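Single-letter residue listing:
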Amino acid sequence: MALEIMEGSIAIAQAVRRCRPQVVSAYPITPQTHIVESLAEIVANGELAADYITVESEFSALSACVGAVATGARAYSATTSQGLALMFEVCFNMAGMRLPLVMTIANRALGAPLSIWNDQQDSIALRDAGWLQLYAEDNQEAVDLHYIGYRVAEDHRVLLPTMVCFDGFILSHTYEPVDMLSQEEVDAYLPPFVPKYRLDAANPVSMGMYATPDYYLEFRYENDQAQKRALEVVREAGREFGKLFGRDYSDLVESYRMEDAETAIVAMGSICGTTKDAIDEMRAEGKKVGLVRIRCFRPFPAEDLKAALANVSRIAVLDKNISLGAGGATPRGAVALELKDALYGTSTPVLDYIIALGGRDVRIEDIKNVVAACEAGDGDRFYGLRTEVL
Amino acid sequence: MALNVGCTAPPGRARDNRTGSWRVFIPRFDHEACSKCGMCQLVCPEGCISETEGKEFAPDYTYCKGCGLCAEECPKTAITMVQEEK
Ligand code: SF4
Ligand code: SF4
């Protein structure tokens, strides 16, 4: 294993190169830009035999990928925030047409107000689109999830596009040590894409057919079944990755210091790094606190979460998104909404904290404050609201 | 139409989309009252009404979507829309 200190975006571009996509189409948008700039250079230098399709919008970028995958090519794209919002229609079509892709999301807030900073509202807003969604805590994991993403997406039991989500700026622009697998290692893990069906003039086929009310419901059922099958396929692919390279990703949720924990924090993405440090400090002070980190948000690992949280007295959810209007009198983010659904029937209180929206920094002290508030039963609210400006 | 993965289908399969399944009300024709004016055939948006061999106007229920235009326009009120039991 050779660790290299690399910017997150550059590491992603290098990982994508090793996945050998035959078509890359993307539109630059902050904070995803370095990924696609770097890939353009890689292609121009002849280090990756891919068609790099430059387009005038994200809508076209993803549409180009739909066409590419439909012909049987492995394709890649990356976007964030407003760019992902512009892809909305194509996202649903791509999942319905069961065309596998890996698309990196450098998570960023959605306007208005315009914000280029990080939260997870963009990918969360597309959680119903039928894509798999994997969330990375650090750049090593973000890199590895691309290999795993292609393997799962292209598995014939799944055949669904996949978003690999990593926090914009916090990860995308941060230099961290990363173990870059060699091309041979990636080739050993990730076989070439074998499409189940493809555009072929000799054997014509229509894709994304019109479905009358007699068939639409059944297609949606099949789409959901593919998501359900993906639960096991993600575990398998993560386990296989661990066997080959030592980093095991077979768990859809990661439990950190959860043994005998009374208070559990549930979160996704880079905020979990800070949370782990906070937990280490709180543990040193004798507090029984642990973290359950959701790596795979789609498909949602309801059973895994139920098991991981079976013995705690209370749960604090850190939601870097908000489902505006949800929750009645109190605010709710998507993670808490879905976790509460998974835990329905148990008596463990789940308190939600809307936190870190639009790039608001979260420090160890903030995590400790959340835990203290949760212990006092004070939750289902925004954390860190500057009431003086309201 | 088969439930192929990815909503794929070979050419020509759009023919399998039978608008008849959309129907809530079905037009029933009273051939005794009919004057064979052909109005129903003209107005049917599915183009599914034709003169049968016995020279009677009748819809092809595979495609009749139950819109009721024929019944509304028939000068002899020879067509009645009735709720269909499925
Ligand atoms: S109900 Fe509508 S579709 Fe059916 S035969 Fe009459 S006009 Fe045609
Ligand atoms: S419109 Fe009425 S009268 Fe005229 S052909 Fe049709 S059923 Fe007969």
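Because the structure is a prediction, the values reported are computed rather than measured.

### Things to note about the domain arrangement of chain A
All names here are of chain A.
Step number 1: Domain boundaries assigned for chain A yield domain 1 (3-245) and domain 2 (253-389).
Step number 2: Facing 26 residues of domain 1, the contacting portion of domain 2 comprises 28 residues.
Step number 3: Overall, the association of domain 1 and domain 2 removes approximately 2,100 Å² of surface from exposure, summing both partners, and the carbon and sulfur fraction of that is 50%.
Step number 4: Counting the contacts that link domain 1 with domain 2 gives seven salt bridges.
Step number 5: For R295, the salt bridge is made with E141, and the minimal N-O distance between the two is 2.5 Å.
Step number 6: Taken together, the links from domain 1 to domain 2 amount to 17 residue pairs in polar contact (both at pLDDT 80 or more).
Step number 7: Class assignment for the residues of the side of domain 1 that touches domain 2 results in 13 nonpolar, six polar and seven charged.

### Let's talk about the interface of chain A and chain B
Step number 1: Tallying the contact residues gives 21 residues for chain A and 16 residues for chain B.
Step number 2: Interface of chain A and chain B: buried area, both sides summed, is about 1,600 Å²; carbon and sulfur atoms make up 68% of it.
Step number 3: The largest share of the area that chain A buries against chain B comes from A:M209, A:Y215 and A:F219, three residues that together contribute 36% of it.
Step number 4: Our count for the contact surface shared by chain A and chain B stands at zero salt bridges.
Step number 5: At three residues, helix α9 (residues 216-245) of chain A tops the list of elements feeding residues into the side of chain A that touches chain B.
Step number 6: Broken down by class, the residue content of the side of chain A that touches chain B amounts to 12 nonpolar, four polar and five charged.

### Structural notes on the sheet that holds strand β12 (residues 296-298) of chain A
All names here are of chain A.
Step number 1: Here we have seven strands laid out as an open sheet, ordered β3-β2-β4-β5-β7-β6-β12, and mixed in their pairing. In the strand order of this sheet, the two ends are held by β3 (51-54) and β12, each with one partner. Pairs of neighbouring strands in the sheet enclose a mean axial angle of 20°, with direction left out of account.
Step number 2: Examined bridge by bridge, strand β2 (residues 23-26) and strand β4 (residues 75-79) share two bridges and lie parallel to one another.

### Here we look at the pattern of salt bridges
Step number 1: Throughout the structure, instances matching the rule amount to 30 salt bridges over all chains.
Step number 2: Residue A:K287 pairs with A:E375 through a salt bridge whose shortest N-O separation is 3.0 Å. Note that A:K287 is positioned in the loop between α10 (271-284) and β11 (289-294) and A:E375 in helix α13 (residues 364-375), a separation of 88 residues in sequence.
Step number 3: For A:K287, a relative accessible area of 30% gives the class partly exposed.
Step number 4: Its relative accessible area of 36% is what places A:E375 among the partly exposed residues.
Step number 5: Between B:E84 and B:R23 there is a salt bridge, and its shortest N-O distance comes to 2.9 Å.

### Considering the side chain of B:R23
Step number 1: With respect to the secondary-structure elements, B:R23 resides in the segment before β1 (25-29).
Step number 2: If sequence neighbours within four positions are ignored, B:R23 has contacts with B:Y61, B:C64, B:K65, B:G66, B:E84 and B:K86.

### What to know about the packing of α10(A) against α13(A)
Residues and elements named next belong to chain A.
Step number 1: The interhelical angle for the contact between α10 and α13, taken along N-to-C directions, is 65°, at an axis separation of 8 Å. Comparing their axes, α13 and α10 come out roughly perpendicular. Seen from above, α10 lies across α13 with right-handed handedness. The residues of α13 that touch α10, namely those facing T274, T275, D277, A278, E281 and M282, are I364, I367, K368 and V371.

### Re α9(A)
Residues and elements named next belong to chain A.
Step number 1: Here α9 is 30 residues long and its end C-alpha atoms lie 42 Å apart, about the 44 Å a rise of 1.5 Å per residue gives.
Step number 2: Most pronounced at A230, the bend in α9 amounts to some 30°.
Step number 3: Following α9 by one or two positions, G246 adopts a phi angle in the positive range, close to 90°.

Conventions we followed
The written sequence of each chain sets the order in which its residues are numbered from 1. All chains are assigned letters beginning with A, and all ligands numbers beginning with 1, in the order in which they are written. Confidence filtering applies because this is a predicted model: local features only for residues at pLDDT of at least 70, side-chain atom pairs given and counted only at 80 or more, and all residues used for totals across whole chains, interfaces and linings. With hydrogens and water stripped out, all remaining heavy atoms of the structure feed into the side-chain values. As used throughout, domain bounds are those supplied by an automatic or database domain assignment. Contact criterion: two residues are considered in contact whenever any of their non-hydrogen atoms come within 4.5 Å of each other. Put simply, buried area is the surface a 1.4 Å probe can reach on two separate parts but cannot reach once they are joined, added for both. Whenever Lys or Arg places a side-chain nitrogen within 4 Å of a carboxyl oxygen from Asp or Glu, that contact is recorded as a salt bridge. Counting of polar contacts relies on pairs of N or O atoms within 3.5 Å, with two restrictions inside protein: one atom must be capable of donating a hydrogen and the other of accepting it, and residues adjacent in sequence are counted only when both atoms are side-chain atoms. Ten residue types, Ala, Val, Leu, Ile, Met, Phe, Trp, Tyr, Cys and Pro, are classed as nonpolar, four, Asp, Glu, Lys and Arg, as charged, and the remainder, Gly among them, as polar. Counting from the N terminus, the helices are DSSP H or I runs at least four residues long and the strands are E runs at least two residues long. A strand pair is defined by DSSP finding two or more bridges across the two strands. A fitted line through C-alpha atoms serves as each axis, taken over the contacting stretch for helices, and the angle formed by two N-to-C directions is quoted from 0 to 180°. Accessibility here uses a 1.4 Å probe with only protein chains present; expressed as a share of the type maximum, an area under 20% marks a residue as buried, one over 50% as exposed, and anything in between as partly exposed. Angular relationships are summarised with four words: roughly parallel below 35 degrees, roughly antiparallel beyond 145, roughly perpendicular across 65 to 115, and oblique for the angles in between. The hand of a helix crossing depends on one turn: near helix anticlockwise from the far one by less than a right angle means left-handed, and clockwise means right-handed. To estimate how far a helix should extend, the number of its residues minus one is multiplied by 1.5 Å. Here the bend at a residue is taken as the angle between two axes, fitted respectively to the seven residues that end there and the seven that start there.

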